[in-house]
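Working through the structure, step by step
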Amino acid sequence: MGLFSFTQELAMDLGTANTIIIQNGKIMVDEPSVVALDNRTEKLIAIGAEAQRMQGKTNPNIKTIRPLRDGVIADFYAAEQMIRGMIKKISNNNHVFAPSLRIVVCIPSGSTEVEIRAVRDSAEHAGGRDVYMIYEPMAAAIGIGLDVEAPEGNMIVDIGGGTTEIAVISLGGIVSNKSIRIAGDDLTTDILDYMGRQHNMKVGERTAELIKINVGSAIVTLEDPPEDYVVFGPNRMTALPMEVPVTYQEIAHCLDKSVSKIEMAVLSALENTPPELYADIVRNGIYLAGGGALLKGLDKRLQDKINIPFHIAEDPLHAVAKGTGIALNNINRFKFLIR
Ligand SMILES: Nc1ncnc2c1ncn2[C@@H]1O[C@H](COP(=O)(O)OP(=O)(O)OP(=O)(O)O)[C@@H](O)[C@H]1O
Ligand SMILES: [Mg+2]
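Given the structure is predicted, the values throughout are model-derived calculations rather than measurements.

**Regarding the environment of T19**
Within the element layout of this structure, T19 appears in strand β2 (residues 18-23). Residues T19 and I262, spaced 243 residues apart in sequence, show a C-alpha to C-alpha distance of 23 Å. With near-sequence residues (within four places) excluded, T19 lies in contact with M12, D13, L14, V29, D30, E31, S33, M82 and M86.

Structure follows, in structure tokens:
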């Protein structure tokens, strides 16, 4: 490692819900994609988990922003601040000199030219000198450990915070893909609305997400059911404190419509799959990645409906980031990296 030619190499999964950075195969940053800015000066106050703790609790001087919506950058300035801040978290501990930075960032497979440009620009503005991009389902497949270069069809369903991406991969390329803007965030909103409508309780986004993580379910009969989740909050009418035990069955009903949309998208992706690859997929099964893959009973529901085995990636929240890290190590070999 020459002192003056040192290149720092990072792989980044810039997600709607979480941003993960990998260096030398190790997860160095794993934080919610949130920034807190000074409302007047736009100066950065906090990023990641620290900024998330401020969400819904800010005073007029501070605002919290999620820079990505539906898988793409919605607030360019906030995104750049966030990327810069997260990279700094790694560099600060390691180096005295700012090294030249090579970075691989993943992007949704349905990205438009403009959206790809936005990711590239913010990575460059944040210090990236050598920026490559990779499509997220491709990264997920690599992270899961599939041989993406083989003449063999594999289907990935990545359910993130903002988008559900379904892609068929063969011979190092994406054969077909379908992306819908129904994912984890929408399930959280379903629960937030439901708590108000059904229980007259006002809950914030964070509480609704915790309900989803604890008792969220895609089916009404789970083999290993979770205990009821007790939620505290104000009555919507009287503002008096109340306590509601929430069952997984009621949340399964409340999520049914959105889960159906995901189901329909998988079916439609299968419809558009060429027959030889279809046969591979039936044999290999379909791989679920992204935080949404952790929704209880989802694999079983899809399997029963579609009649193809579904496998949950070993570490669904990190599959895309891991694959991006592997792509970074094979930058000269993997032809599907976008310059
Ligand atoms: N146990 C769980 N059950 C259900 N949903 C979960 C669970 N754990 C996390 N999630 C959800 O997964 C989502 C985050 O997943 P992930 O980190 O893969 O998204 P992302 O990559 O940031 O988003 P995107 O890929 O859409 O840009 C959130 O909506 C979160 O609430
Ligand atoms: Mg993602």
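**Let's talk about the environment of I338**
If you trace the backbone, I338 turns up in the segment after α10 (319-329). Looking at I338, the relative accessible area reads 24%, which means it is partly exposed. Sequence separation between I338 and H311 is 27 residues; the distance between their C-alpha atoms is 28 Å. In contact with I338, not counting residues within four places along its chain, are I107, R120, V131, Y132, M133 and Y135.

**Looking at helix α8 (residues 275-284)**
Regarding α8, the residues found buried are L277, D280 and I281. Taken end-on, α8 shows its buried residues confined to a sector of 100°, consistent with a single buried face. Turned more than 90 degrees away from the buried face of α8, the exposed residues are P275, E276 and R283. Summarising the contacts, the buried residues of α8 are in contact with β11 (154-159), β12 (164-170), β13 (173-180), α7 (248-271) and β16 (286-289).

**With respect to the site of ligand 1**
Ligand 1 sits among 20 residues. The nearest are T16, A17, N18, E209 and K212. Between ligand 1 and G161 there is a distance of 2.9 Å, counted from an oxygen atom to a backbone nitrogen or oxygen. With respect to ligand 1, the backbone of G291 contributes an N or O atom lying 2.9 Å from an oxygen atom. Calculation on ligand 1 without its partners gives an accessible area of 660 Å², and the protein chains cover 93% of this total.

**A few points about the pattern of salt bridges**
Under the definition given, this model contains 19 salt bridges. Notably, a salt bridge pairs E31 with K89, separated by 3.1 Å at the nearest N-O pair. With a gap of 58 residues between them, E31 in strand β3 (residues 26-32) and K89 in helix α2 (residues 76-94) connect regions that are remote in the sequence. Of the residues examined, K89 reaches a relative accessible area of 36% and is grouped as partly exposed. A salt bridge links R102 to D130, with the nearest nitrogen and oxygen atoms 3.0 Å apart.

**Brief notes about the packing of α7 against helix α9 (residues 298-306)**
Where α7 meets α9, the closest approach of the two axes is 11 Å, and the angle between their N-to-C directions is 50°. If you check the angle between α7 and α9, you find them oblique. Note on packing geometry: the crossing formed by α7 with α9 is right-handed. From α7, D256, V259, S260, E263, V266, L267 and L270 reach across to α9, where they touch L298, R301, L302, K305 and I306. Broken down by class, the residue content of the contact of α7 with α9 amounts to seven nonpolar, one polar and four charged.

**Thoughts on the packing of aromatic side chains**
Taken as a whole, this structure holds one aromatic pair when the rule is applied. Where F334 meets F336, the ring centres are 4.8 Å apart and the plane angle is 25°; that geometry is what we call stacked. Taken individually, F334 and F336 each receive the classification buried, so the pair is uniform in this respect.

**Examining the environment of D193**
Checked against the element boundaries, D193 lands in helix α5 (residues 184-199). The exposure class of D193 is partly exposed, given its relative accessible area of 41%. Considering only alpha carbons, one finds D193 and V203, 10 residues apart in sequence, at a separation of 8.7 Å.

**Concerning the sheet that holds strand β1 (residues 7-14)**
Pairing in this open sheet of five strands is mixed, and the strands run β3-β2-β1-β9-β10 from one edge to the other. Each of the sheet's edge strands pairs with one partner strand only, and the pair in question is β3 and β10 (128-135). With direction set aside, neighbouring strand axes in the sheet form an average angle of 20°. The strands touched by helix α4 (residues 136-144) within the sheet are β1, β9 (100-107) and β10, with β10 carrying the most contacts at an inclination of about 80°. Seen against the sheet, α10 touches β1, β2, β9 and β10 and runs at an angle of roughly 150° to β1.

**Considering the sheet that holds β13**
The five strands are arranged β13-β12-β11-β16-β17 in an open sheet whose pairing can be described as mixed. Two strands in the sheet have a free side with no partner beyond their single neighbour: β13 and β17 (310-312). Geometrically, the sheet is characterised by an average inter-axis angle of 20° between neighbouring strands, direction not taken into account. Direction of pairing for β11 relative to β12: antiparallel, over a ladder of six bridges.

**Comments concerning the side chain of S109**
Within the fold, S109 resides in the loop between β9 and α3 (113-125). For S109, a relative accessible area of 12% corresponds to the buried category. Of the polar contacts made by the side chain of S109, one reaches the side chain of N177; its length is 3.1 Å. Residues contacting S109, with those up to four places away along its chain left out, are Y135, P137, E165, I174 and N177.

What counts, and at which threshold
Residues numbered from 1 in each chain as written. Chains lettered and ligands numbered in written order. Predicted model: local features only at pLDDT ≥ 70, side-chain atom pairs only at ≥ 80, totals over all residues. Heavy atoms only, no water. Helix = DSSP H or I, 4+ residues; strand = E, 2+ residues; numbered from the N terminus. Contact = heavy atoms within 4.5 Å. Buried < 20%, exposed > 50% of the residue type's maximum accessible area, 1.4 Å probe, protein only. Arc of directions from axis to C-beta. Near = heavy atom within 4 Å. Polar contact = N/O pair within 3.5 Å; in protein donor to acceptor, adjacent residues only side chain to side chain. Areas by Shrake-Rupley, 256 points an atom, 1.4 Å probe, with all protein chains shown as cover. Salt bridge = Lys/Arg side-chain N within 4 Å of Asp/Glu carboxyl O. Axes fitted to C-alpha atoms, helices over the stretch in contact; angles between N-to-C directions. Parallel < 35°, antiparallel > 145°, perpendicular 65-115°, else oblique. Left-handed = near helix turned anticlockwise from the far one by under 90°. Nonpolar A, V, L, I, M, F, W, Y, C, P; charged D, E, K, R; others polar. Phe/Tyr/Trp six-rings, centres within 6.5 Å; stacked < 30°, edge-to-face > 60°. Pairing = 2+ DSSP bridges.

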